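Residue-level listing of the chains:
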Amino acid sequence: MTESTPVFEIIPAHVAIIMDGNGRWAAARGLPRLAGHRAGTENLRRIIDASIEFGIRHLTLYAFSTENWGRPREEVDGLLSILQEVIDREVKDLHENGVRLRHIGHLEHLSPGLRTKVNEAIELTKNNDRLSLNLAFSYGGRDEIVCAVRQMIEDGIEIEQVDESLVNNYLFTKDIPDPDLIIRTSGEMRISNFLIWQSAYSEWYITPTFWPDFDRQQLIIALQEYARRDRRYGRISPSPCDPDGGDAG
Ligand code: FPP
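Report follows, based on the coordinates. (Residues numbered from 1 in each chain as written. Predicted model: local features only at pLDDT ≥ 70, side-chain atom pairs only at ≥ 80, totals over all residues. Heavy atoms only, no water.)

A word on the pairing of strand β5 (residues 181-185)
The condition is simple: The rule is simple: take the accessible area with a 1.4 Å probe, protein chains only, and divide by the maximum for that residue type; under 20% is buried, over 50% is exposed, in between is partly exposed. Counting from the N terminus, the helices are DSSP H or I runs at least four residues long and the strands are E runs at least two residues long. A strand pair is defined by DSSP finding two or more bridges across the two strands.
For β5, the tally of buried residues reaches five of five residues, placing the bulk of the element in the interior. Note: strand β1 (residues 14-18) against β5, four bridges, orientation parallel. Paired with I17 across the bridge in β5 is I183. Bridge analysis of β5 against strand β6 (residues 203-207) gives five bridges, and the strand direction is parallel. Paired with T185 across the bridge in β6 is T207.

Below, the structure written as structure tokens:
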């Protein structure tokens, strides 16, 4: 049976996801942590497909943080293997579906072979415009800001030139709009060094569901919740007495 596409009053242009809870999903089943990451990988495709179906233009997935390098060697190696498998298995199909793959973070921390594969996938898909799939791998928000500041100094930027737009242009995300909606699975209430500059006015949706169980229906619920939010960007809602409406968001 094919599911019909729900109608959303408003759809976020950019959804970013902290895919958390793989380890607990595995522990609850008496499985090793990597089994949780593998289950979480199976989930990627259905969330990407649903994002295309619903008209989301940017999907950013937090797959590996700068801090995750500190996990046990076996888990780090497992996640690197998963990245390689995902690239090998999925890129052709993603390309045929009009998905543009981008990366934010530090590719130079990967092995030369894996780096080449990721770069080839980025190059292959660069003209696709149905969905921009932004993979945050070896990414940290603080690190991103440090890199931006260093680059500005190296470029000889003058103090008068520094404003929000300039800083934006020095971030890994310079061509990507700020996330409208950030979803975090597994119930944790923290930002975990994810898009800390870009999330200034993002809406948050936190669900207790572990990432491997987060499915199309759960994405629909998150999007329906987003559609009910009143985004004010620090201003006030339009007053019924105000003939101009008066609100930006
Ligand atoms: C956080 O859960 C999840 C990660 C650190 C890895 C996320 C990776 C995937 C979903 C697989 C897809 C990966 C690639 C490379 C495309 P956790 O392990 O911290 O869970 P826990 O808090 O329950 O221990």
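A short note on the side chain of R102
Defined as follows: The contact rule is simple, with two residues in contact once any of their heavy atoms fall within 4.5 Å.
Along the chain, the position of R102 falls in strand β3 (residues 99-105). In this view, R102 contacts H58, I122, S132, L133, N134, L135, D175 and I176; residues no more than four positions away in its chain are not counted.

Concerning the site of the ligand
Here is the rule: For this description, a residue counts as near a given molecule or strand if any of its non-hydrogen atoms is within 4 Å of it. As used in this structure description, the phrase polar contact means that two N or O atoms lie within 3.5 Å; if the pair is within protein, one of them must be able to donate a hydrogen and the other to accept it, and residues adjacent in sequence are counted only when both atoms belong to side chains. What sets the accessible areas is the Shrake-Rupley method with a 1.4 Å probe; for residues, cover comes only from the shown protein chains. Note on definitions: the grid is 1 Å and covers protein atoms alone; a cavity is a set of points where a 1.4 Å probe fits but cannot get out; a pocket is an open set with protein on both sides within 12 Å along at least five of seven lines; lining residues have an atom within 4 Å of a point. Each molecule is assigned to a cavity or pocket provided more than half of its atoms lie within 2 Å of the corresponding grid points.
Around the ligand, a shell composed of 18 residues is seen, among which M19, G23, R24, R33 and R71 lie nearest. Taking D20, its side chain carries an N or O atom lying 3.2 Å from an oxygen atom of the ligand. In isolation the ligand offers 620 Å² of accessible surface; the protein chains occlude 91% of this area. Because more than half of its atoms lie within 2 Å of the grid, the ligand is assigned to the largest pocket. Of all the elements in the fold, those that place two or more residues in the shell around the ligand are α1 (22-27), α2 (33-54) and α3 (73-96). A total of four residues in the shell around the ligand trace back to one element, the largest contributor, which is α2.

Let's talk about the pairing of strand β4 (residues 131-139)
Looking along a regular strand, one sees side chains alternate from face to face of the sheet. Let me state the cut-off plainly: If you view a crossover with the strands going away from you and the path from the first strand over the helix to the second runs clockwise, you call it right-handed.
Burial analysis of β4 places nine of its nine residues in the buried class, which makes it a mostly covered element. With seven bridges joining them, strand β2 (residues 58-65) and β4 adopt parallel strand pairing. If you follow Y62 over to β4, its bridge partner there is A136. Across seven bridges, the pairing between β3 and β4 is parallel. Note on β4: the bridge partner recorded for G105 is F137. In the classification by handedness, the crossover that spans β3, the intervening helix α4 (residues 112-124) and the parallel β4 is left-handed.

Some words on the packing of aromatic side chains
Two aromatic rings are characterised by how far apart their centres lie and by the angle between their planes. Condition: Side-chain rings of Phe, Tyr and Trp, where Trp is taken by its six-membered ring, are said to pair if the distance between their centres is within 6.5 Å; with planes under 30 degrees apart they count as stacked, over 60 as edge-to-face, and otherwise as tilted.
Per the counting criterion, the structure on display carries nine aromatic pairs. Seen from their ring centres, F64 and W69 are 4.8 Å apart, and the 70 degrees between their planes marks the pair as edge-to-face. A residue is classified by how much of its surface remains accessible, and F64, at 1% relative accessible area, is buried. On the numbers, 4.8 Å between centres and 15 degrees between planes, the contact of F64 with F137 is stacked. Placement of the pair is F64 in strand β2 and F137 in strand β4, with a sequence separation of 73 residues. Across the pair, F137 and F64 agree in class, each one buried. Members of the aromatic cluster, connected to one another through ring pairs, are Y62, Y139, F172 and F194.

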